[in-house]
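# Summary of the model geometry
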Amino acid sequence: MLDPPLPKPPSPLDALRPSLAFRWRTATEFVEATLKAAILDGRLPGGTPLRQEELAARFGLSRMPVREALRQLESQALIDVLPHRGAVVTEISAADAADTYAIRRALEPAALRLSIPRLSDHALRDAAALIDEMDAEQEAGRMGLLNRRFHMTLYAAAGHPRLLALAEQQLIAFDRYLRFHLASQGRAHMAQEDHRAMLEAARARDTGTAIAVLERHLDTAAGTIARFFATRGGVTEAS
Ligand code: NI
């Protein structure tokens, strides 16, 4: 005798509210926008698995647009694709962001102080070129990489490989917060004035000013991310 079927357990995907207020150009855009809104406002919490078949069934679509939407979300650091687990919503938290900033605040000014007197003209030109690249970059997904390369270019002459490795590790950890933030707020939120001021001070070998700008840069960013978490529930679906 067969047991009666068990009631289906609730799924985190029950939180999805496909927005029908807007006419999406493609199925991929529709899936991407719906998932993005739910991830940014926390309805789909970090670690939620996003299985292609399940999503395709929910949206009443084939797997192809779902796979493409997941790829787009991965490039914005909103989801991670893990070995053996597939796509899951990126784990982020206000506490982890604050931790990452505290470490950056301790390491990066130290690296910059050691680096500035030894920075070559070549490195300064590279840093200037990276600022231009960030100005022209349209994709939030690449902004984290360019920001990291800019910062590391200014620190690279410090000549302390372990210090530089630790600084880079924290910049990589911070990437997801920057991309998360840019995905929700738009690219205008990249603090390019600070980058320019830091480069100017480095060119003038004005270590004190460069460090003051860097510390302000990190404090402003930490505050912005903290506010992002505090107001997270208020992100609208159309964003
Ligand atoms: Ni920066």
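Residues numbered from 1 in each chain as written. Predicted model: local features only at pLDDT ≥ 70, side-chain atom pairs only at ≥ 80, totals over all residues. Heavy atoms only, no water.

Each helix and strand in the chain was counted, giving 9 helices and 2 strands. Considering only residue pairs separated by 6 or more positions, the chain has 73% of its internal contacts joining residues 24 or more positions apart. Looking at the chain as shown, the accessible area adds up to about 12,600 Å², and 56% of this sits on carbon and sulfur atoms. (Helix = DSSP H or I, 4+ residues; strand = E, 2+ residues; numbered from the N terminus. Contact = heavy atoms within 4.5 Å. Areas by Shrake-Rupley, 256 points an atom, 1.4 Å probe, with all protein chains shown as cover.)

So, about the pattern of salt bridges. Under the counting rule described, the total for this entry stands at 11 salt bridges. Among the charged side chains, a network of salt bridges with common partners joins R105, E215 and D219. (Salt bridge = Lys/Arg side-chain N within 4 Å of Asp/Glu carboxyl O.)

With that settled, consider the coordination of the nickel ion. For a metal bound by four donors in a tetrahedral arrangement, the ideal donor-metal-donor angle is 109.5 degrees, while six donors in an octahedral arrangement ideally sit at 90 or 180 degrees. Bound to the nickel ion are the protein donor atoms N147 (OD1), H151 (NE2), H195 (NE2) and H217 (NE2), situated 2.2 to 2.3 Å from the metal. Taken together, the 4 donor atoms coordinating the nickel ion and their angles of 85 to 168° define a geometry best described as irregular. The sequence motif formed by the donor residues of the nickel ion is N-x3-H-x43-H-x21-H. Remark: H195 occurs in helix 8 (residues 192–203) and N147 occurs in helix 6 (residues 140–155); sequence separation between them is 48 residues. With respect to class, N147 is no different from H195; both count as buried. (Donors = N, O, S within 2.8 Å, 3.2 Å for Na, K, Ca; no water. Tetrahedral: all angles 85-135°; square planar, octahedral: opposite > 155°, others 65-115°. Buried < 20%, exposed > 50% of the residue type's maximum accessible area, 1.4 Å probe, protein only.)

The next thing to look at is the pairing of strand 2 (residues 86–89). The pairing of strand 1 (residues 79–82) with strand 2 spans 4 bridges and is classified as antiparallel. Across the sheet, residue L82 finds its bridge partner in strand 2, namely G86. Here strand 1 hands over to strand 2 after 3 residues, with H84 in that stretch at a positive phi of 70°. (Pairing = 2+ DSSP bridges.)

Before going further, it helps to examine the packing of aromatic side chains. Here the structure, examined in full by the defined rule, presents 4 aromatic pairs. Their ring planes at 80° and their centres at 5.6 Å tell us that F30 and F59 sit as a pair that is edge-to-face. With F30 in helix 1 (residues 27–40) and F59 in helix 2 (residues 52–59), the pair connects residues that are 29 residues apart, well separated along the chain. For the pair shown, F30 and F59 are each scored as buried. What links up through ring pairs into an aromatic cluster is the set Y177, F228 and F229. The side chain of R104 reaches across the aromatic face of F174, ending 4.4 Å from its centre. (Phe/Tyr/Trp six-rings, centres within 6.5 Å; stacked < 30°, edge-to-face > 60°. Lys NZ or Arg CZ within 6 Å of the ring centre and 35° of its normal.)

Right, let's get into helix 3 (residues 63–75). In this model, helix 3 (13 residues) spans 19 Å end to end at C-alpha, consistent with the 18 Å of a helix rising 1.5 Å per residue. Looking only at helix 3, the buried set comprises P65, V66, A69, L70 and L73. Summarising the axial view, the buried residues of helix 3 lie within an arc of 140°, below the 170-degree limit, and thus occupy one face. Buried-residue contacts for helix 3 involve helix 1, helix 2, strand 1 and strand 2. Downstream of helix 3 by a residue or two, A77 has a phi angle that is positive, lying close to 65°. (Expected span 1.5 Å × (residues − 1). Arc of directions from axis to C-beta.)

On to the nonpolar core, then. Residues L50 and L154 are the most contacted members of the largest nonpolar core, which totals 65 residues. Element by element, the count of residues in this core is highest for helix 7 (residues 161–185), at 9 residues. Looking at which domains feed residues into this core, each of domain 1 (12–89) and domain 2 (94–231) gives three or more. (Core = buried A, V, L, I, M, F, W, Y, C linked by side-chain atoms within 4.5 Å. Domains from an automatic or database assignment.)

Once that is clear, we can look at the packing of helix 2 against helix 3. Two elements in contact, helix 2 and helix 3, have axes separated by 9 Å at closest approach and are oriented at 115°. Regarding helix 2 and helix 3, the two cross each other, and that crossing is right-handed. Mapping the contact onto sequence places Q52, E53, L55 and A56 in helix 2 and R63, V66, R67 and L70 in helix 3. A breakdown of the residues in the contact of helix 2 with helix 3 according to their chemical character gives 4 nonpolar, 1 polar and 3 charged. (Axes fitted to C-alpha atoms, helices over the stretch in contact; angles between N-to-C directions. Left-handed = near helix turned anticlockwise from the far one by under 90°. Nonpolar A, V, L, I, M, F, W, Y, C, P; charged D, E, K, R; others polar.)

Any functional reading would require information that these geometric values do not contain.
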